[in-house]
Amino acid sequence: MFAERFSIPNYYGKYEELASDPNVDIVYVATTNQNHMGPTLMMLRAGKNVLVEKPTTVTYEETKIMYDEAKKRGLFLMTNHWTRFFPLITYLRRTFLASAGKHVLDESEEQIFESTTYTSNISPKIETKHIYNLGKTLAMRGDFSFPTPVNPSDRFLNRTLGGGVTLDVGCYLVELALLAAHGHHRSHKSLSKSKRKALKRYLIPDGIVATGHGMYHGLVFPVDVEASFSLRWGGGSDGILAGCGKAASAGMVFDMSEDRRCETTSTQGGEEDDFTMIGSFQASFRRPSTFEVEYIFENGRALIHRPGNGPSEMTIYEHKAPFGPLIRETKISFPLPPIKDKLLQYGRPNYPRAEGFVYVIDAIEKCMAERGVPGKTEDLPVGSGCLELEENTIEEQLVTVEVTEEVLKKMGYFGRYV
């Protein structure tokens, strides 16, 4: 028996038994993808706070129902976007993504790094402090792929279990792209409650292009086995600014007349210039990949090394100017939680960097200790306490599902889940 094997003192035979236990503050819903909404709503209606595994649900409609229920009851509900809680991602967000690429790298900080400066005809020089100026985030790329067993009943390839590569790992790439959009917005706008709707508007891409297929070893599966999609922020709803024949480029507007002549006018300071980025992503169940993610700035790039969904190392490449020579390469790493040996006593983890889940648990525990446990802490008004974490805002969670759904629609696979 599972509980006996792992010395678990309290266990339940039915979800209802868990929901009725007054000693439980928060429940982790980690059922297969198609079965997230039912258990989540059951726990919320029983007064439990909920952490739900990604993808939140297979449709945005289901996700919205869940978050509306949590809001109505004043409870905590969060999707387990664990990548956002790794120290490396926290560091990336508060430095390069949220400051237009400007950051002082100092050896007094918590990360471990090694910086190499390149100058012409001179040997590389190791530095311990440097002011980076990478500029705005312009583009992003990532490929999360791994070969799965060719088994129609396996959850990866089974439509009725919410299978498909976009729901499984494509959503990681979506949420990582949102980090750049959110970071840029945070560096320019206040995140007061009155700005919530504006934030969601900034997070949603202006354009989505996607294609995919279900072919694998001569079989056609009813889910996407391989997907390729691009997300674009900025440039208007169709990549063209409002107004007939005006296309945006580098803060300028080219007025395209019928004879192909251009009139150039500035858009600096306007909304169109606020954030412009294209992210190109691939995901597959039938091949391996680097599992790396790269953010490309005006004067350099940040390469997050594998596994990009559970990262601990990245390399920053700084160039003298756009297309200029490489002047500095900095390798940054964060140690993982020292619990792997403890985990091994229960057997080998079946997921890479599984110890990283500690970061999510720790963040929730700290938040609830500081702000109170919704529905549990005495004298805590309804609708207060720890309802949301800064690392993973409700808006970002909702937009991740909304964008993932749109990618599936573009590929023609979304209708198979509803």
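What you see as residue numbers is a count from 1 along each chain, following the sequence as written. Where totals are concerned, whole chains, interfaces and linings use all residues; where local detail is concerned, this predicted model gives features only for residues with pLDDT of at least 70, and gives and counts side-chain atom pairs only at 80 or more. Side-chain measures here rest on the full set of heavy atoms in the structure, leaving out hydrogens and waters.

**Quick look at the environment of Phe-285**
1) Next: Its location among the elements puts Phe-285 in the loop between β16 (277-284) and β17 (293-297).
2) Next: Here's how the labels work: a residue is buried when its accessible area is under 20% of the maximum for its type, exposed when over 50%, partly exposed in between, all with a 1.4 Å probe on protein chains only. For Phe-285, a relative accessible area of 0% corresponds to the buried category.
3) Next: The residues touching Phe-285, leaving out its near neighbours within four places in the chain, are Phe-146, Pro-147, Thr-148, Phe-156, Leu-157, Gly-164, Val-165, Asp-168, Tyr-216, Asp-224 and Val-225. The helix and strand labels rest on DSSP assignments: H or I over at least four residues marks a helix, E over at least two residues marks a strand, and numbering proceeds from the N terminus. By definition in these notes, contact holds between two residues if any of their heavy atoms fall within 4.5 Å.

**So, the state of the cysteines**
1) Next: Disulfide assignment relies on a single distance test, namely cysteine sulfur atoms paired within 2.5 Å. Taken as a whole and assessed by the stated rule, the structure comprises 1 disulfide.
2) Next: A sulfur-sulfur distance of 2.1 Å marks the disulfide that ties Cys-367 to Cys-386. Every disulfide takes its handedness from the sign of the S-S torsion; for Cys-367 and Cys-386 that torsion is 115 degrees, giving right-handed. One end of the pair, Cys-367, is in helix α9 (residues 357-371); the other, Cys-386, is in the loop between α9 and α10 (394-411), with 19 residues separating them in the sequence.

**Re the side chain of His-36**
1) Next: Residue position: His-36 is located in the loop between β1 (26-29) and α3 (37-45).
2) Next: Its relative accessible area of 1% is what places His-36 among the buried residues.
3) Next: A polar side-chain atom of His-36 sits 2.8 Å from the main-chain carbonyl oxygen of Pro-55.
4) Next: When sequence neighbours within four positions are dropped, the list of residues in contact with His-36 reads Val-29, Thr-31, Val-52, Glu-53, Lys-54, Pro-55, Thr-56, Thr-57 and Met-66. Whenever two N or O atoms come within 3.5 Å, that pair is a polar contact, provided that in protein one can donate a hydrogen and the other can accept it, and provided that, for residues adjacent in sequence, both atoms are side-chain atoms.

**Quick look at the packing of helix α4 (residues 60-73) against α10**
1) Next: Between N-to-C directions, angles span 0 to 180 degrees; the directions come from axes that are lines fitted to C-alpha atoms, helices contributing only their stretch in contact. The contact between α4 and α10 brings their axes to 9 Å, and the two run at 160 degrees. Accordingly, the angle class assigned to the pair α4 and α10 is roughly antiparallel. Two packed elements cross with a definite hand, and for α4 against α10 that hand is right-handed. Counted together, Tyr-60, Glu-61, Thr-63 and Tyr-67 of α4 and Ile-394, Gln-397, Leu-398, Val-401, Glu-402 and Glu-405 of α10 form the full contact between these two elements.
2) Next: Split into classes, the residues belonging to the contact of α4 with α10 amount to 5 nonpolar, 2 polar and 3 charged. Should an angle lie under 35 degrees it is considered roughly parallel, over 145 roughly antiparallel, and from 65 to 115 roughly perpendicular; all remaining angles are considered oblique. Note on convention: near helix rotated counterclockwise from far helix by under a right angle means a left-handed crossing. Clockwise means right-handed. Only Asp, Glu, Lys and Arg are considered charged, only Ala, Val, Leu, Ile, Met, Phe, Trp, Tyr, Cys and Pro nonpolar, and every remaining residue, Gly among them, polar.

**A word on the packing of aromatic side chains**
1) Next: Think of it this way: a Phe, Tyr or Trp ring, Trp meaning its six-membered ring, pairs with another when their centres are within 6.5 Å, and the plane angle makes it stacked under 30 degrees, edge-to-face over 60, tilted otherwise. Applying the stated rule across the entire model yields 14 aromatic pairs.
2) Next: Ring centres of Phe-86 and Tyr-359 lie 5.1 Å apart, and the angle between their planes is 65 degrees; on these two criteria the pair is classed as edge-to-face. In this pair, Phe-86 is assigned in the loop between β3 (77-80) and α5 (87-97) and Tyr-359 in helix α9, connecting sequence segments 273 residues apart.
3) Next: Overall, the relative accessible area of 0% leaves Phe-86 in the buried class.
4) Next: The class for Tyr-359 is buried, based on a relative accessible area of 16%.
5) Next: An angle of 65 degrees between the planes, with centres 6.3 Å apart, marks the rings of Phe-144 and Tyr-172 as edge-to-face. One end of the pair, Phe-144, is in strand β8 (residues 137-145); the other, Tyr-172, is in helix α6 (residues 165-188), with 28 residues separating them in the sequence.
6) Next: Using a relative accessible area of 2% as the deciding quantity, one classes Tyr-172 as buried.

**Describing α4**
Given 3.6 residues per turn, any residue in an α-helix points the same way as the ones three and four places further on.
1) Next: Expected helix span is given by 1.5 Å per residue-to-residue step, counting one fewer step than there are residues. Between its first and last C-alpha, α4 extends 20 Å over 14 residues, near the 20 Å set by a 1.5 Å rise per residue.
2) Next: Along α4, the residues that are buried comprise Tyr-60, Thr-63, Met-66, Tyr-67, Glu-69 and Ala-70.
3) Next: Of the residues one or two after α4, Gly-74 is the one with positive phi, at around 65 degrees.

**Things to note about the side chain of Arg-93**
1) Next: Relative to the helices and strands, Arg-93 resides in helix α5.
2) Next: Overall, Arg-93 belongs to the buried group, its relative accessible area being 12%.
3) Next: Of the polar contacts made by the side chain of Arg-93, one reaches the side chain of His-182; its length is 3.0 Å.
4) Next: Within the structure, Arg-93 has its side chain in polar contact with the backbone oxygen of Glu-391 (distance 2.8 Å).

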